[in-house]
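Architecture and fold: a report
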Number of protein chains: 6
Amino acid sequence: MSTDAVGPLLVVSAHAGDFVWRAAGAIALAAERGDRAKVVCLSYGERGESARAWREGKGLEEIKALRRAEAEAAAAELGAEIEFLDAGDYPLLETPELVDRLVRIYREFEPSVVLTHTLADPYNGDHPAAARMAMQARVLAQAIGYDAPGEPLGAPPVFFFEPHQPEQCEFKPDVLLDITPVFERKRKAMECLPAQVHMWEYYTDLAKRRGVQLKRNAGPNLGLPHETMAEAYVRVYPQTTGVLA
Amino acid sequence: MSTDAVGPLLVVSAHAGDFVWRAAGAIALAAERGDRAKVVCLSYGERGESARAWREGKGLEEIKALRRAEAEAAAAELGAEIEFLDAGDYPLLETPELVDRLVRIYREFEPSVVLTHTLADPYNGDHPAAARMAMQARVLAQAIGYDAPGEPLGAPPVFFFEPHQPEQCEFKPDVLLDITPVFERKRKAMECLPAQVHMWEYYTDLAKRRGVQLKRNAGPNLGLPHETMAEAYVRVYPQTTGVLA
Amino acid sequence: MSTDAVGPLLVVSAHAGDFVWRAAGAIALAAERGDRAKVVCLSYGERGESARAWREGKGLEEIKALRRAEAEAAAAELGAEIEFLDAGDYPLLETPELVDRLVRIYREFEPSVVLTHTLADPYNGDHPAAARMAMQARVLAQAIGYDAPGEPLGAPPVFFFEPHQPEQCEFKPDVLLDITPVFERKRKAMECLPAQVHMWEYYTDLAKRRGVQLKRNAGPNLGLPHETMAEAYVRVYPQTTGVLA
Amino acid sequence: MSTDAVGPLLVVSAHAGDFVWRAAGAIALAAERGDRAKVVCLSYGERGESARAWREGKGLEEIKALRRAEAEAAAAELGAEIEFLDAGDYPLLETPELVDRLVRIYREFEPSVVLTHTLADPYNGDHPAAARMAMQARVLAQAIGYDAPGEPLGAPPVFFFEPHQPEQCEFKPDVLLDITPVFERKRKAMECLPAQVHMWEYYTDLAKRRGVQLKRNAGPNLGLPHETMAEAYVRVYPQTTGVLA
Amino acid sequence: MSTDAVGPLLVVSAHAGDFVWRAAGAIALAAERGDRAKVVCLSYGERGESARAWREGKGLEEIKALRRAEAEAAAAELGAEIEFLDAGDYPLLETPELVDRLVRIYREFEPSVVLTHTLADPYNGDHPAAARMAMQARVLAQAIGYDAPGEPLGAPPVFFFEPHQPEQCEFKPDVLLDITPVFERKRKAMECLPAQVHMWEYYTDLAKRRGVQLKRNAGPNLGLPHETMAEAYVRVYPQTTGVLA
Amino acid sequence: MSTDAVGPLLVVSAHAGDFVWRAAGAIALAAERGDRAKVVCLSYGERGESARAWREGKGLEEIKALRRAEAEAAAAELGAEIEFLDAGDYPLLETPELVDRLVRIYREFEPSVVLTHTLADPYNGDHPAAARMAMQARVLAQAIGYDAPGEPLGAPPVFFFEPHQPEQCEFKPDVLLDITPVFERKRKAMECLPAQVHMWEYYTDLAKRRGVQLKRNAGPNLGLPHETMAEAYVRVYPQTTGVLA
């Protein structure tokens, strides 16, 4: 497995926990390679993804603080920076101002790779809203005429990470990422989110399932370990390469 | 650009000339890397792709010999082996026997990468027929229980090369391959097919067009040369990797 | 045919007449089963679907009153409640406020089934706008953290009713609903809309056509009546069931 | 959950084991309801799905007998009849004769529901071949003019069961079947296939995963058990019904 | 409406009656323009589309003669030639010999326009089989090297005519053909098929429905008659034109 | 080639240069036929499509003036009127006000044909935004109840012109327009945009490529010139016609 640096990894996530379940492996791999990794949470998921806290009678600000602390702990576990834009969820509203904030982050962070949600998700409108803004801001940041500090962005590839019900979200994986070397870190990051214990098993099972598929697609001759763990991604733009493999 | 060997490259082509227009860059890159490259032509394209020879009044065997000689010359220019199965074209009939011959080639050649036609082509039924057989034989060759010499095949990735009218063939490129370093060899290989002079320009223009797109997708910061040349491919199975990039 | 109650039926419609042509059968069936049925009209269709009244020189408020009276009569015929949000049409603008009104209706009405427009309609932008809002509000109403009265909503299935030109709206029916027992009520409801006499025949013919298809898909052995009448629907979320049938 | 009889269930499967991993829940539910259930295995999977036996040096007839015995045991566990057509696998060839055998089975068994593979599977050509034949034979059996014993078939609904890599097979579930009451029988049926121990866990995990999705789609208010187990299906023809739910 | 001749129209139909319900309008328009029109029926529909005759106890040859006589009468009504290849139906088998017969018809008839079935039809496998052969033969006939009498064919556009359940057959109309001037001839041709009286009304209603859509897409300003009748088609290859309209 | 007038042609373009690269041929053909042609530029492309001017240090107003002058020169070369709405780009914001301005243009210009961008473009969000507004305004302008001067619009057909990376934008051409007679005017119009010299060749090559495809689809028998030049379009609504050809 390559250990060469690739460049900074930017993850744009609708809610505070999304990056942990869906992309923690990719983040930990980047960090282990020595690449910067940064998570931008557009909201804390305070209304839509904090059912347990609401049922326990907590208040809005308390919940936001809680989700923030959990996400910070998970990011630290993975070796990533994290920034919260606190734009509100359920619904996460698309506004030119929020897109502009993302443009400025692109210009300043200069990612080499971008991860975000799928553009379709009939179970959660915030996810596509985040993806649309992440995609739009990336294009705007490429334009020298866009009025924001920094140099025009290059064309970092974008990958969609896996939604909860992939087939309903038009998610057809075209990249299976081997996260075996960092799975323990992903597990520990998941354990930073104690309100969703059932998700720990669910996403461990999913990593096994995607690992079985990775081995099937890689072929038996590669000698991958029995318990290969993987994350699935969809590549948005054509891959550019000098080698077909 | 990587120059590490990848392993043997197998190209399954319906007619004698297809591999030149559509995949010569990938073949030449493999050869330059030191990888074996082999082209299997299921037919000579003697009926369907030799209009000029027929108009000149040549006979069937003469045309087959002509197409064979041209294709051998082009393969030699690219550094590839070539084998002709002479299964007839227009139509290229799908038979268990022909699929079995392909299985034996897979088992013996042990490709690490496979290139073939798209599964849809409303302009030429031989192309999808070749692709279906290439795909089926690859799966059969993987089964230890399939009765043919050699070890079970691994799971080499498959790429579709570009058809003449890509949009009509559901061809949405997801890999753009930089063939700039070997474009001169591709051009010379094309010039081994003198009956189709107009195609030399057509596919040179296409390589430029795909090169412009490659630069657009790679981003300006990579400092690619002004005249980047490229070939477009569709990846059939999910990419398996240890690095998202 | 089952006559067990299913639970409340909510229909979210862009304009005042839509529910009559497209979903009157489902509404009447619900009412006959003893289920509550409620229609929410986001607008009166006063600008976009009242050509005849405009040609007759009527004014805006007069047209709105007219459309309202017709829709009330049709709803009464079907045994349904009806509510008008008067949000304006042509265009029907998507706003957080209008979505919030729908959330409150979901929370209060607690539907077991939801009907709305398709997400694509190149002939009428109000229809997809209504569908997007109906879908989004349903998700928001499920979140305990969403600030609106009432309990969090369950996960009522959503069905798209049939648009005027189904194939152009990506409408591929996956449910054919037998409305034979209530077709007379549908017809009477249609006749409450006297400005569109030609539509009475058009949607009667459509019900016959969908009925023929229902019989074809149900099989001849079921002994359905010669003149089976049907409405077509698209199911949005996977059906959950204990019996495959 | 309904316990009314639905009518005979027919499962058409390419290889001997397919019905266990993919449809055992549906079969056991049918048997528990008192419906006849019958599995037709077009082949034993002797070449393509018996890698371990081949590696152990077993011969072709021995392997076929082995797979037959396993499948019979699994069917017995589920309460299903089973028939083997021994048509050969890898490749499973589509022939008019094999289709005719299926027509005769349809005519004699008179299924009310049919289960089979998806029409796309880039990992295994036998699966789509089986599905195409199952679909074609069903249509032929409906024609009074088709020369085979028995009455013309009705129009039993067809469901595709879940392939190994669903997204790569265009498998978008539209029915989630609650198999919690019979999951133990499915597990025992899986344990009748000792050569594939790793699959026991894999398909237990999958049932949990589909169960989580079933609960998500059914809504929290239904009070489903914590460990709901499910199988996913794709419905091929429109559902015909008297009730939208 | 243009009355300029277009050139010969070829209709390739699986069964004897298909061309009447689905394409009689296009055929009659061609004949009225003075263009030759020819229908090729691959089978008589003797097994799959003659339920009533079988129920009446007629024999195979009798049914074939009956269907032939009906189709000849309908073709005569429309002003078309008709040829029967008697290749058998249910199933209509795809063979190189049958394709070759079609190639020879293309070469001899030199059509300017070709009509056939859709490539998908889950209700009737003969329809896609006929379409695949019609498409393949057209391509083969274009090759000078294909061994059949006559000159190589040009590239006549191909249109799919409307199947019974359009949405289930991926039929998204992109051409609406105004058949008002010849609808009476279509009706009379339908009345040549007395065993299917219910189809007369069904396809009259369909023509009205497509006519309403034609008027909607053409715009009110064209002054089309109230009862515009239409047939729907799907264009297979890009339209080539000197005028966008 | 027809030279009859078709009626006014309206082109709705996101940025000042788009209409030149993508639709100049259609515009020049309209003008040569004697039809009015009008280009509406929603923005000047001042931020997103003026990289060179920004790198040269020009200011915003200067760049807008520059782009305006270039576009006016190109429109004059083609014989078209041009109007600039100066709504800003990168991002081009969708607002009810901007849509209303377009409605008024539709009502006043009464186009018979409309050209605009594709609805998908992952490289440039302004293009789909322009297309959505052009489509929505066309529908609004059809409603007599929409409050704007002029008569209700008919139903002019809409065509999408070709984006830079067609396959990535779901652009499957279904009309190939022969622009050979006016290609020189297109070339001169392109030369009015001196900042993008490399585009002159790129779009000349594209016209050749689409021309080769046009000849392939039209058939060799039409005697088209060797260097046929073409533009590709996607037709949005069904074609309505009295002749299949």
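This structure is a prediction, so every number in the text was calculated from the model and none was measured.

What about the sheet that holds strand S3 (residues 81-84) of chain A?
Within the open sheet, the eight strands sit side by side as S3(A)-S2(A)-S1(A)-S4(A)-S5(A)-S7(A)-S6(A)-S8(B). Their pairing is mixed. Of all the strands in the sheet, just S3 of chain A together with strand S8 (239-241) of chain B have a single pairing partner and so form its edges. Taken over all neighbouring pairs, the strand axes of this sheet differ in orientation by 25° on average, direction set aside. Running over the sheet, helix H4 (residues 96-109) of chain A touches strand S1 (9-13), strand S2 (37-41), S3 and strand S4 (113-116) of chain A and is turned about 175° from S2(A).

What about the relation of the copies chain D and chain C?
The two copies are related by a screw operation: chain D maps onto chain C through 180° of rotation and 0.0 Å of translation along the axis, at an RMSD of 0.0 Å. In symmetry terms, the pair is related by a two-fold rotation axis. Taking C-alpha positions as the reference, the residue of chain D nearest the rotation axis is D:Asp174, at 4.9 Å. Most of the interface of chain D is mirrored in chain C, where 97% of its interface residues again form contacts.

Some thoughts on the pairing of strand S7 (residues 230-235) of chain C
Residue and element names in this part refer to chain C. Of all six residues in S7, six are buried, a share of seventy percent or more. In S7, alternate side chains face the same way, and those of Ala230, Ala232 and Val234 on one face and Glu231, Tyr233 and Arg235 on the other are all buried. As paired elements, strand S5 (residues 158-161) and S7 share three bridges and run antiparallel to each other. Bridge pairing in S7 places phenylalanine 160 opposite valine 234. Bridge analysis of strand S6 (residues 175-178) against S7 gives four bridges, and the strand direction is antiparallel.

What to know about the packing of helix H6 (residues 183-190) of chain B against helix H7 (residues 197-218) of chain B
Residues and elements named next belong to chain B. Interaxial distance between H6 and H7 falls to 10 Å at its minimum, and their mutual angle equals 155°. Of the possible angle classes, the one that applies to H6 and H7 is roughly antiparallel. Pair H6 / H7 crosses with right-handed handedness. Residues Phe183, Arg187 and Met190 of H6 lie in contact with H7, whose contacting residues are Met199, Trp200, Glu201, Tyr203, Thr204 and Ala207. Looking at side-chain class alone, the contact of H6 with H7 contains six nonpolar, one polar and two charged residues.

Rules behind the numbers
Residues numbered from 1 in each chain as written. Chains lettered and ligands numbered in written order. Predicted model: local features only at pLDDT ≥ 70, side-chain atom pairs only at ≥ 80, totals over all residues. Heavy atoms only, no water. Pairing = 2+ DSSP bridges. Helix = DSSP H or I, 4+ residues; strand = E, 2+ residues; numbered from the N terminus. Axes fitted to C-alpha atoms, helices over the stretch in contact; angles between N-to-C directions. Contact = heavy atoms within 4.5 Å. Least-squares fit on C-alpha atoms with pLDDT ≥ 70 in both. Buried < 20%, exposed > 50% of the residue type's maximum accessible area, 1.4 Å probe, protein only. Parallel < 35°, antiparallel > 145°, perpendicular 65-115°, else oblique. Left-handed = near helix turned anticlockwise from the far one by under 90°. Nonpolar A, V, L, I, M, F, W, Y, C, P; charged D, E, K, R; others polar.

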